[in-house]
Amino acid sequence: FSILICRSWSVDQLKFPPSFMFGAASAAYQVEGAWNVSDKSPNLWDKLIHDRPELVADGSNGDVACDSYHLWRRDIEMCEELGLNMYRFSISWSRLLPSGYPNYISEDGKNYYSNLIDGLLEKGIEPIVTIFHFDLPQILQDLGGWANPLITDWFADYAEVVFSLYADRVKYWLTINEPMMLCDGGYEELGAPYFDDPDVGRYLCNKHTMIAHAKAYRIYDDLFRDKYHGKISLPTLFFWFKPFTPEDQEVTDLTIDHWEGRYAHPIFSKEGGWPRKLEKLLNDLAKKEGYKQPRLPPFTPEEIQLVRGTYDYYALNHYTTRLVRRVKPGEQPGQWLFYGSSELNTIMDKDPAWGTTAVDWFSVYPPGLREQLHWLNSTYDVKEIIITENGVPSLDPDLVDTQRLEYYRDYLEQVLLAIKDGINVTGYIAWTLMDNFEWLNGYVAKYGLYAVDFSDPNRTRTPRESARYFSAVTKCRTIHP
Ligand code: BGP
């Protein structure tokens, strides 16, 4: 990148504190490729879209993706070019433990992540490691995956291996990425197997992710914390929700609990367990529909204690904001997670006044981030917040990505304002370092600071305008460098 001189600061120009950390994120299945290299076993995504390519917008898959398995040195170089303090990546469970269990640890898998961590540290970049980002070993999916209560031990055993290999060098940990996307997305949208009724699977999965996370956290506490002093959290995907009209505030609060509270309240609230009002509503609904079991599987008092307080910071994945209202007579509730809920009888939509993007559901409303940070700060006892994902999709691979540049500028401004308000936001991680396999959107949706040429066997990465802007922000530590 060309040499940059930071503009001299005017008195009222807001600056990020010197300790504030900038980062960018990726996830194993989305970037690594090398899906069958060495002794790696297939994971759920390998199998799902090899079998059903029609699920993915462009029929593609992550077999090669960005080839970061081979090109990780270039990835580190990009982090350096961007002036990052942190790089967030995930570990592929089936690459490290091909059988799913710790009876056998892959040498190649172990070394791959070890080299990546060492390479980052050599450049002064802090690794922030996600232990699980959607790619369950297929062997474990065949046993019921996240709907099987045994997964809480499978995950805890896996996490213990990860800690024992890397906790000497990794200080920031994330256990399970966006359990809401994993459970509600997986069961409602993809119809994950084993349950005819997606509502049964998604709520079992919901509870199991909470317990699995807590068990991993407690293992770190018992065996590693005194020696390594790391920090652990669980990143939640949290759209910000606002009422269409003031009368819709109550149903908006319920929506926040339905989306976010089911995954945050058990961990971050003082009382623990499910959000009470929502729990009653969903369980009454189940009764009405003739189920014998409550819809949200109850926590025992011991489980509430196990899960409560298992965090060292709040990890927030924020993308966009939606308006919420109840359906009007004769209207159908919105379909799929982003448009409403049949359980709450709601419609969720954009405000026409907000900025639009090439992706229909995604609107740009920067103040939503600050409003949400305030909500988190006053609702939970969070001493520190790290924004672990934030970014905007486009559909064209253009290197001049003005919308992304402005998105980062305007959302970062809201972070600055929140810090000025007294909220302890200590880091901001962009989604994403480079274009990658965006799950069901394949390579159609682009979120990258760097563009990747997927037709080129070398997967050449080229910085976009937003990358140049981001590097100026990290260097000058302000949004108008
Ligand atoms: C988050 C995931 C990421 C990433 C991002 C963009 O939910 O943690 O892995 O994919 O969203 O998602 P999408 O491509 O679905 O818009």
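To keep things clear, this report deals only with the structure shown in the data block. Remember, predicted model here, so these are calculated numbers, not experimental data.

About the criteria used
- Residues numbered from 1 in each chain as written.
- Predicted model: local features only at pLDDT ≥ 70, side-chain atom pairs only at ≥ 80, totals over all residues.
- Heavy atoms only, no water.
- Near = heavy atom within 4 Å.
- Polar contact = N/O pair within 3.5 Å; in protein donor to acceptor, adjacent residues only side chain to side chain.
- Areas by Shrake-Rupley, 256 points an atom, 1.4 Å probe, with all protein chains shown as cover.
- Nonpolar A, V, L, I, M, F, W, Y, C, P; charged D, E, K, R; others polar.
- Buried < 20%, exposed > 50% of the residue type's maximum accessible area, 1.4 Å probe, protein only.
- Helix = DSSP H or I, 4+ residues; strand = E, 2+ residues; numbered from the N terminus.
- Pairing = 2+ DSSP bridges.
- Expected span 1.5 Å × (residues − 1).

### Regarding the site of the ligand
Lining the immediate surroundings of the ligand are Gln-30, His-133, Asn-177, Glu-178, Tyr-319, Trp-361, Glu-389, Trp-431, Glu-438, Trp-439, Asn-441 and Tyr-447. The separation between an oxygen atom of the ligand and a polar side-chain atom of Glu-389 is 2.9 Å. Here Glu-438 contributes a side-chain N or O atom positioned 2.7 Å from an oxygen atom of the ligand. Surface burial for the ligand is 90%, taken as the share of its 390 Å² of free accessible area covered by protein chains. Tallied by class, residues from the shell around the ligand come to five nonpolar, four polar and three charged.

### Notes on the pairing of strand β3 (residues 126-132)
Within β3, six of the seven residues are buried, leaving the element largely enclosed by the surrounding structure. Note: strand β2 (residues 86-90) against β3, five bridges, orientation parallel. Opposite Met-86, over in β3, you have Glu-126 as the bridge partner. Judged from the four bridges that link them, β3 and strand β4 (residues 172-176) form a sheet pairing that is parallel. Paired with Thr-130 across the strands is Leu-174, a residue of β4.

### Some points on helix α16 (residues 402-420)
For α16, which comprises 19 residues, the first-to-last C-alpha distance of 27 Å matches the rise-based estimate of 27 Å (1.5 Å per residue) to within 8%. Inspection of α16 places Arg-404, Leu-405, Tyr-407, Tyr-408, Tyr-411, Leu-412, Gln-414, Val-415, Leu-416 and Ala-418 among the buried residues, and these make up the whole buried set. Immediately downstream of α16, the backbone of Gly-422 shows phi near 105°, a positive value.

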